[in-house]
Structure formats: C-alpha cells, structure tokens
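Chains, contacts and geometry: an overview
Residue strings, one per chain:
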Amino acid sequence: MPHIIAETATGTISFEAETGKKLVLALEDNGVDILHRCGGNARCTTCRVEVVVGDAGTMGPDEQAILSTKGDLAPNTRLSCQI
Ligand code: FES
C-alpha cells in the first residue's frame, strides 16, 4: 500500500493510498482539492503534481505528449491521473 505525503496549499497531509488507485483520486479522497477537468484522460494537465520522493512509475506516451507541450514545468512533474 503506497504511503503518500502531499504538500498542499493548506498544509502537509499523509495517508496510505489504496493499491492500484489513481493518485488524483487518492488525493481527492483524502481532502486535497485537486482539479482533474478532463476526467483523467491526460489532456488538461490540471491534475499535475511534482513527485519529490519515490517512484511514480514509467510515464506513458499520452502523459509524455501533453507534458511536452508545457515548457515551464519542473522535470519531476507528473499527471496524478496517470499515476
Ligand atoms: Fe486531466 Fe489529469 S485529469 S490530465
């Protein structure tokens, strides 16, 4: 079960995420007000997060394609709907 520590606009939270659950939904279930306007389809990038520690897995082609259109993102930026 992944352990998530998230630094949010309202403070730091820590929780155990259900294995296999998308990060964006785990964050939302734990009270993080995170956008996901395209419904988790790797199109809007409103669900983006920075992965500071840990392995978020391999980036898929859809995630890579949309993030490559955003020139001002940190290299550790990922879409929480794709993790
Ligand atoms: Fe739109 Fe993740 S919800 S890119």
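Okay, so let's go over this structure. (Residues numbered from 1 in each chain as written. Predicted model: local features only at pLDDT ≥ 70, side-chain atom pairs only at ≥ 80, totals over all residues. Heavy atoms only, no water.)

1. As for the overall build of the chain
Secondary structure assignment for the chain yields 2 helices and 4 strands. Sequence-ordered secondary structure for the chain, helices as α and strands as β, is β-β-α-β-α-β. For 83 residues, the compact-globule formula gives about 12 Å, and the C-alpha radius of gyration of the chain, at 12 Å, lands near that figure. The C-alpha extent of the chain, read off along each of the three principal axes, is 30 × 25 × 25 Å. Classification of the 83 residues of the chain by burial places 28% in the buried group. Sequence-distant contacts in the chain: of pairs separated by 6 or more residues, those separated by 24 or more amount to 39%. Accessible surface computed for the chain: about 5,600 Å², of which carbon and sulfur atoms make up 49%. (Helix = DSSP H or I, 4+ residues; strand = E, 2+ residues; numbered from the N terminus. Rg over C-alpha atoms; globule rule 2.2 N^0.38 Å. Buried < 20%, exposed > 50% of the residue type's maximum accessible area, 1.4 Å probe, protein only. Contact = heavy atoms within 4.5 Å. Areas by Shrake-Rupley, 256 points an atom, 1.4 Å probe, with all protein chains shown as cover.)

2. Observations concerning the pairing of strand β1 (residues 3-8)
One ladder, built from 6 bridges, connects β1 with strand β2 (residues 11-16); its direction is antiparallel. Bridging across to β2, H3 finds its partner in E16. Between β1 and β2, which pair antiparallel and follow one another directly, the connecting turn spans 2 residues. (Pairing = 2+ DSSP bridges.)

3. Describing the pattern of salt bridges
If charged atoms from side chains of opposite charge come close, those side chains can pair. For the coordinates displayed, the defined rule picks out 2 salt bridges. The salt bridge partner of D29 is K21, with a shortest N-O separation of 2.4 Å. Taking relative accessible area as the criterion, D29 reaches 52% and is therefore assigned exposed. In this structure, the salt-bridge partner of R78 is E63, at a minimum N-O distance of 2.8 Å. Here E63 lies in helix α2 (residues 61-67) and R78 lies in strand β4 (residues 77-79), a separation of 15 residues in the sequence. Its relative accessible area of 8% is what places R78 among the buried residues. (Salt bridge = Lys/Arg side-chain N within 4 Å of Asp/Glu carboxyl O.)

4. Remarks on unusual backbone geometry
The phi angle at A42 is positive, at roughly 55°, despite the residue not being glycine. Within the secondary structure, A42 sits in the loop between α1 (23-29) and β3 (48-50). The backbone of T45 sits at a positive phi, close to 65°, despite the residue not being glycine. Note on placement: T45 falls in the loop between α1 and β3.

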